[in-house]
Amino acid sequence: MTVTNVTKDPIALTMSITAEFDVSVERAWELWNDPRQLERWWGPPTYPATFVEHELTVGGVVRYYMTGPEGDRHSGWWRVVSVEAPHSLEVIDGFGDDADAPMPDMPTTSMQVTLTETTAGGTIMVIESRFPSTEAMGQLVAMGMEEGMRLALGQIDDILRGDPTALTIG
Amino acid sequence: MTLTYNHMVVRLDDEQTDRLFHAMADRTRRDILRRSMHDDFSVSSLADVYPMSFAAVQKHVAVLEAAGLVTKHRDGRKRLVRTNRETVQKALRALEDLEAMWRDRIDRFASAIEDPT
């Protein structure tokens, strides 16, 4: 199992997922740093992503679009908050309009990636996603973020309907 | 918040969603939610915790109650506050969707990492 841990805090509005890979941190970083390699995993096969701008420097912008089976286009962008190759990357992640321009009224989320060497020479990758505010999360949910994700990203596994006592609070 | 194609239902749900997230937008209210997740607290014992008046805490509890995030029940002379886990679960759904999306991504990441070409 690649994914080793997941925590979700519905009160702090964060989701954190940890995965372990049998390759070096440098190799894992390439999958973020090289847009051609990023394209191979960011979107699902039915909605492949094309990165048109990819500047991993502080303040830099990354822009991409995903192409659906009907030729439909869904664009997104990141703004780089901090980057320390090959160990960490923090971006603000948002939606784009038809012309791939950021949509100012749409809520954004923040994504923090951390890559750490294991003693065995492998890599632990932690992704932490955070909604900036409860209002933003409410807005995303209300506008059918879920539905959008299901349609845009397809192949979503059955979601864990966890025991409430298993909630990560705090 | 339910996935439905009936616009009327969606709109009603949006209103509930707004109330829910407005209620959760306040630090004190989030703290009350955490505390009342595992134990029942009376409003007066909650009021002892925060540097604010009993009335102010009572008001926070009322907002949480209106959003369905807490329920109040009687225990003798005390009114106890308890977090409604079902409503907190709703907020969890957006996070579950994120999780599902990332599990898929990480599967693809693992495949791509093996094959640098």
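Remember, it's a predicted structure, so these values are computed and weren't measured experimentally.

Chemist: Which parts of the structure should I look at to understand the overall build of chain A?
Modeler: Each helix and strand in chain A was counted, giving four helices and eight strands. Buried positions account for 48% of the 170 residues belonging to chain A. Sequence-distant contacts, at least 24 apart, represent 39% of the contacts inside chain A between residues at least 6 apart.

Chemist: I'm lost on the sheet that holds strand β1 (residues 41–42) of chain B in this one. Help?
Modeler: Strands pair in a sheet through their backbones, by hydrogen bonds, and they do so in one of two ways: parallel or antiparallel. Residues and elements named next belong to chain B. Reading across the sheet, the three strands line up as β1-β3-β2 and stay open at both edges, with antiparallel pairing between neighbours. This sheet does not close on itself; its edge strands, each paired only once, are β1 and β2 (70–75). Across the sheet, helix α2 (residues 27–38) touches β1, β2 and β3 (78–83), and the angle it forms with β3 is around 100 degrees. Lying on the sheet, helix α4 (residues 54–66) is in contact with β2 and β3; it crosses β2 at an angle near 115 degrees.

Chemist: Help me understand the sheet that holds strand β8 (residues 123–130) of chain A, please; the structure alone is not making it clear to me.
Modeler: Residue and element names in this part refer to chain A. A sheet is described by the order of its strands in space; here eight strands give the open sequence β1-β2-β8-β7-β6-β5-β4-β3, paired in antiparallel fashion. A strand with exactly one partner marks an edge of an open sheet, and here the two such strands are β1 (3–9) and β3 (49–54). Pairs of neighbouring strands in the sheet enclose a mean axial angle of 20 degrees, with direction left out of account. Examined bridge by bridge, β3 and strand β4 (residues 61–67) share five bridges and lie antiparallel to one another.

Chemist: What exactly am I supposed to notice about the environment of Arg82(B) here?
Modeler: Residues and elements named next belong to chain B. Locating Arg82 in the fold gives a position in strand β3. For the pair formed by Arg82 and Leu69, sequence separation is 13 residues and the distance between their alpha carbons is 8.5 Å. Once residues lying within four places of it in the same chain are set aside, the contact partners of Arg82 are Ser36, Asp40, Leu69, Val70, Thr71 and His73. Within the structure, Arg82 has its side chain in polar contact with the side chain of Asp40 (distance 2.8 Å).

Cut-offs applied
Residues numbered from 1 in each chain as written. Chains lettered and ligands numbered in written order. Predicted model: local features only at pLDDT ≥ 70, side-chain atom pairs only at ≥ 80, totals over all residues. Heavy atoms only, no water. Helix = DSSP H or I, 4+ residues; strand = E, 2+ residues; numbered from the N terminus. Buried < 20%, exposed > 50% of the residue type's maximum accessible area, 1.4 Å probe, protein only. Contact = heavy atoms within 4.5 Å. Pairing = 2+ DSSP bridges. Axes fitted to C-alpha atoms, helices over the stretch in contact; angles between N-to-C directions. Polar contact = N/O pair within 3.5 Å; in protein donor to acceptor, adjacent residues only side chain to side chain.

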